[in-house]
Amino acid sequence: MSPATSHRHERVGEEIAHEINAMLAGELKDPRLEGMVVASEVRVQPDMKHARVYVHVRGTNKEQSDAIKALEHASGYIRSELIERLQLRRLPDLHFTLDLSQEHVERIEQLLKEVKKDKPAAP
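I will try to describe carefully the structure that is included in this document. (Residues numbered from 1 in each chain as written. Predicted model: local features only at pLDDT ≥ 70, side-chain atom pairs only at ≥ 80, totals over all residues. Heavy atoms only, no water.)

Considering the overall build of the protein
As a reminder, the rule being used: Runs of H or I in DSSP of at least four residues are treated as helices and runs of E of at least two as strands, each being numbered from the N terminus. Just to be clear, the radius of gyration here is over C-alpha atoms, and the globule rule we use is 2.2 Å times residues to the power 0.38. The criterion used for residue contact is that any of the two residues' heavy atoms lie within 4.5 Å. Here the accessible surface of atoms and residues is derived via Shrake-Rupley with a 1.4 Å probe, and residues count as covered only by protein chains that are part of the display.
In terms of helices and strands, the protein carries 5 helices and 3 strands. What you see for the protein is a C-alpha radius of gyration of 18 Å, clearly larger than the 14 Å of a compact globule of 123 residues, by over 25%. Dimensions of the protein along its principal axes, counting C-alpha atoms only, are 65 × 45 × 20 Å. Here the analysis covers contacts within the protein between residues at least 6 apart in sequence; of these, 63% occur between residues at least 24 apart. Approximately 8500 Å² of the protein is accessible, and the part contributed by carbon and sulfur atoms is 54%.

Quick word on the pairing of strand β1 (residues 37-44)
Rules: Two strands are counted as paired when DSSP detects at least two bridges linking them.
Taken together, the 7 bridges between β1 and strand β2 (residues 50-57) define a ladder with antiparallel strand orientation. Residue pairing across strands places V37 opposite V57, the latter belonging to β2. Taken together, β1 and the strand that follows it, β2, pair antiparallel across an intervening segment of 5 residues, in which M48 is found at a positive phi of about 65°.

Regarding the environment of M48
Threshold: In this scheme, a residue with accessible area under 20% of its type's maximum is buried, one over 50% is exposed, and one in between is partly exposed, where area comes from a 1.4 Å probe on protein chains only.
Mapped onto the secondary structure, M48 falls in the loop between β1 and β2. Classification of M48 as buried rests on a relative accessible area of 12%. Distance from M48 to A67, taken between C-alpha atoms, is 25 Å for residues 19 residues apart in sequence.

Re the pattern of salt bridges
The condition is simple: Salt-bridge detection follows one rule: a side-chain nitrogen of Lys or Arg within 4 Å of a carboxyl oxygen of Asp or Glu.
Under the counting rule described, the total for this entry stands at 7 salt bridges. Note that R85 is salt-bridged to E81, the shortest N-O span being 3.1 Å. Highlighted residues: R85 and E81, both in helix α4 (residues 75-86), separated by 4 residues, approximately one helical turn. Overall, R85 belongs to the partly exposed group, its relative accessible area being 28%. Overall, E81 belongs to the buried group, its relative accessible area being 18%. A single network of salt bridges, built from pairs that share partners, joins E19, E27, E81 and R85.

Observations regarding helix α2 (residues 8-27)
Formally: A helix is expected to span 1.5 Å multiplied by its residue count minus one.
With 20 residues, α2 ought to run about 28 Å at 1.5 Å a step, and its terminal C-alpha atoms sit 27 Å apart, in line with that. Every buried residue of α2 is accounted for by H9, V12, G13, I16, A17, E19, I20, M23 and L24.

Side note on the nonpolar core
How we decide: The definition of a nonpolar core used throughout is a set of buried Ala, Val, Leu, Ile, Met, Phe, Trp, Tyr and Cys residues joined through side-chain atoms within 4.5 Å.
I16, I20, I78, L82 and F96 are the most contacted members of the largest nonpolar core, which has 29 residues in total. Of all elements in the fold, only α2, β1, β2, α3 (61-73), α4 and β3 (93-98) reach the threshold of two or more residues within this core. Here this core gets 6 residues from one element, more than from any other, and that element is α2. Setting aside residues up to four positions removed in sequence, I20 forms contacts with A39, V53, I78, L82 and F96.

Regarding the sheet that holds β3
Heads up, the rule is: A fitted line through C-alpha atoms serves as each axis, taken over the contacting stretch for helices, and the angle formed by two N-to-C directions is quoted from 0 to 180°.
On the basis of which strands lie adjacent, the open sheet formed by 3 strands has the order β1-β2-β3 and mixed pairing. This sheet does not close on itself; its edge strands, each paired only once, are β1 and β3. Here the strands of the sheet are splayed against their neighbours by 25° on average, with no regard to which way each runs. Across the sheet, α2 is in contact with β1, β2 and β3; its angle to β1 comes to roughly 160°.

Written as structure tokens, this is what we have:
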């Protein structure tokens, strides 16, 4: 495998994320996608058959699951647009997953603040 093709799946993932975010910014008219919905990362398997699209959704658990359902519902449209925009012969199957990394970061920061607050200052 040449160095040029060894990271192709990573570049394709970045391009997919960029285009999905462009669609989220105005083309996808589903009310479940209004608000803060962002494709934070797309991981494409090296064989280019599957891509996991991590989506960050601000809102309640119901709003988050509704946004994932809306993206799955629109996946046919998203796929056809991506094939056209990225000029790919074959687009990986898209799998939408909620990106909870920001919530994990906030939870860890909160726990660290609590530990710091409970710990008396060193003399």
